[in-house]
Amino acid sequence: MRITVLTYVEASERSTEYDVVVNQVARALRRQGHQVAVLGVHADVKRVIAGLQRRRPDLVFNMVEMFAENIFGDIAMEGLLDLLGLEYTGCGPGESYLTQDKALSKKLLAFHGILYPRFAVFARDADFETGGNLRMPLFVKPLRTDASIGIHRNSLVTDMKSLMRRVATIHEDLNDSALAEEYIEGREFYVGVLGNHDPIALPPIELDFSGLPEGVPHVLDSKAKWDENSAAYKGTKSVLADIPDELRAKLQKVSVDAYRALRVRDYGRVDLRLTDTGDIYVLEVNASCYLARDSEFAVAAAAAGIPYPALIQRIVDLATDRYRRGAGLRTRTDSLKKAPSNGKKSGEAGKKSTDEGKKGEEAAKKAAEA
Ligand SMILES: Nc1ncnc2c1ncn2[C@@H]1O[C@H](COP(=O)(O)OP(=O)(O)O)[C@@H](O)[C@H]1O
Ligand SMILES: [Mg+2]
């Protein structure tokens, strides 16, 4: 297959300073016999379109996380790929929006009976919206920004005054709404999910916080995630969860349910917390999660007997199969384009089948400054 790996680059379209994951994925795809090109996206949409038209890929392996300085640019990029009639891995614009807005996600989880922390949204320009009387302590984070950006030690608040201070900081520094959630004390797990019709959950990974100094809250803040020199980074590590089969099965079931509820396509990772009383809360669902060889997702896949090149190929197969089954705009555009050659009415001609990095570096800089 001709595959274009599409990725965000920081400086400009000309830059080839890609996140490590880009070369890892490209190499894995080449090992599977594909013809692979990498295309960097920064802020020049015309160049992106020209680059794609020149390469004419059978599939775009989409790893774009943002566009220019816009962290929601990935959604528009997926829309652009749809309009260009290209097939690509991962979510479309609608699905991506559902997982990026963490409040909207919770509303969908509620419908499916999946537990999530109770919450309130503090928009920049509106009154706040609450899901009921919230119980302190609260955890305050940006509504949409991910990768632990905007998550600090003082994200955990125990009084109204520090809550409002944190909300204001998120409004000002990140230009995002603030989400205040009830703090879920407990163990933290990540579960990778792979698939469309019958998604499978990978073995859970647990965040081991035991190396943190006494009294420090057990959360993966931006320092713990990005600042390699910090005590938070050194004190946290992710490990394959050593848990009873029954708990493993429960975590995996909740994860698949959440993945489905949010309509994730091809692959994703669900972040969860388990309380002392055995309740499992979904913190967030990461569609098209980070795919580096040492990421939680790839490590969990390896533990499930799926080596890295096979994992990347699996994602390609899932995407290709999804389009073959008729999901996505591509099929419709094609069916409209095809001239009916056998006397069928045009409406019948192509009936849809009914079965149907870089950001991290910036975050690291910010975490080190914090
Ligand atoms: N409601 C909560 N209760 C306890 N810890 C939380 C809560 N929300 C977030 N955290 C901590 O903050 C981390 C990052 O939050 P998350 O919602 O996953 O955002 P991101 O998109 O930045 O990964 C989590 O891994 C967890 O350690
Ligand atoms: Mg997370």
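The rules behind the values
Residues numbered from 1 in each chain as written. Chains lettered and ligands numbered in written order. Predicted model: local features only at pLDDT ≥ 70, side-chain atom pairs only at ≥ 80, totals over all residues. Helix = DSSP H or I, 4+ residues; strand = E, 2+ residues; numbered from the N terminus. Buried ≥ 20, exposed ≤ 12 C-beta atoms within 10 Å, placed from the backbone. Near = placed C-beta within 6 Å. Nonpolar A, V, L, I, M, F, W, Y, C, P; charged D, E, K, R; others polar. Domains from an automatic or database assignment. Pairing = 2+ DSSP bridges. Axes fitted to C-alpha atoms, helices over the stretch in contact; angles between N-to-C directions. Expected span 1.5 Å × (residues − 1). Contact = placed C-beta atoms within 7 Å. Parallel < 35°, antiparallel > 145°, perpendicular 65-115°, else oblique. Left-handed = near helix turned anticlockwise from the far one by under 90°. Core = buried A, V, L, I, M, F, W, Y, C linked by C-beta atoms within 7 Å. Arc of directions from axis to C-beta. pLDDT = per-residue confidence, 0-100.

This part is about the overall build of the protein chain. Helices and strands together make up the secondary structure of the protein chain, namely 14 helices and 14 strands. Taken across its 370 residues, the protein chain has 42% of its residues classed as buried.

Not every one of the 17 residues close to ligand 1 is listed here, only the nearest: D146, E181, I184, V219 and L220. Elements with a minimum of two residues in the shell around ligand 1: β6 (138–142), β13 (267–274) and β14 (280–287). Classifying every residue of the shell around ligand 1 by side-chain character gives nine nonpolar, one polar and seven charged. Both domain 2 (92–114 + 186–204 + 241–323) and domain 3 (118–183) contribute no fewer than three residues apiece to the shell around ligand 1.

Strands sit in the order β2-β1-β3 across an open sheet of three strands; the sheet is parallel. A single partner strand is all that each edge strand has here, and the edge strands are β2 (35–41) and β3 (59–63). This sheet shows a mean twist of 20° between the axes of neighbouring strands, independent of strand direction. Summarising the sheet, strand β1 (residues 2–8) and β3 pair through five bridges and their orientation is parallel. The partner of V5 across the bridge, within β3, is F61.

Turning our attention to helix α6 (residues 160–174). Its 15 residues give α6 an end-to-end C-alpha distance of 21 Å, which sits within 8% of 21 Å, the value for a rise of 1.5 Å per residue. Its buried side turned inward, α6 meets β4 (119–122), β6, β7 (156–157) and β8 (178–182). A positive phi of about 55° marks N175, the residue just after α6.

Turning next to the packing of helix α3 (residues 73–83) against helix α4 (residues 93–100). Interaxial distance between α3 and α4 falls to 8 Å at its minimum, and their mutual angle equals 165°. Accordingly, the angle class assigned to the pair α3 and α4 is roughly antiparallel. Every pair of crossing elements has a handedness; the one defined by α3 and α4 is right-handed. Residues D74, I75, E78 and G79 of α3 lie in contact with α4, whose contacting residues are P93, S96 and Y97. In the contact of α3 with α4, the residues fall into three nonpolar, two polar and two charged.

Here L212 shows up in the loop between β11 (205–208) and α7 (222–226). On the neighbour-count criterion, L212 (17 C-beta atoms within 10 Å) is partly exposed.

For K253, the position within the fold is in helix α9 (residues 245–261). In sequence terms K253 and V191 are 62 residues apart; their C-alpha atoms lie 9.9 Å from each other.

Another point: the nonpolar core. Counting 87 residues, the largest nonpolar core has V25, L272 and V282 as its most contacted members. Setting aside its immediate chain neighbours within four residues, V282 contacts L109, I114, L115, Y116, V254, A258, V270 and L272.

A separate point is unusual backbone geometry. Across the junction of M136 and P137, the peptide omega takes the value 0°, indicating a cis bond. Relative to the helices and strands, P137 is located in the loop between β5 (129–130) and β6. Of note, the phi angle at N175 is positive, near 55°, even though the residue is not glycine. As for its position among the elements, N175 is in the loop between α6 and β8. Here the phi dihedral of R263 falls at roughly 60°; this positive angle occurs in a residue that is not glycine. Mapped onto the fold, R263 is located in the loop between α9 and β13. Judged by the 17 C-beta atoms lying within 10 Å of it, R263 falls in the partly exposed class.

The first and last C-alpha atoms of α9 sit 24 Å apart over 17 residues, in line with the 24 Å expected at 1.5 Å per residue. Within the span of α9, buried status applies to L251, Q252, V254, S255, A258 and Y259. All buried residues of α9 project into a common sector of 160° when viewed along the axis, lining one side. Away from its buried face by more than 90 degrees, α9 exposes D245, E246 and A249. Remark: R263 follows α9 within two positions and exhibits a positive phi of approximately 60°.

This brings us to the pairing of β3. With five of five residues buried, β3 lies mostly within the body of the structure. Of the two faces of β3, the one holding L59, F61 and M63 and the one holding V60 and N62 are both buried throughout.

Across the protein chain, the average pLDDT comes to 88, with 86% of residues at or above 70. Scored below 50 in pLDDT, residues 329–356 makes 26 contacts in the model with residues more than four places away or belonging to other chains.

Turning next to the packing of helix α1 (residues 20–31) against helix α11 (residues 308–324). Across the interface, α1 lies against α11 with an axial gap of 9 Å and an inter-helix angle of 85°. In terms of axis orientation, α1 runs roughly perpendicular to α11. Contacts between α1 and α11 involve V25, A28, L29 and R31 from the first element and Y308, P309 and I312 from the second. Of the residues that constitute the contact of α1 with α11, the class distribution is six nonpolar, no polar and one charged.

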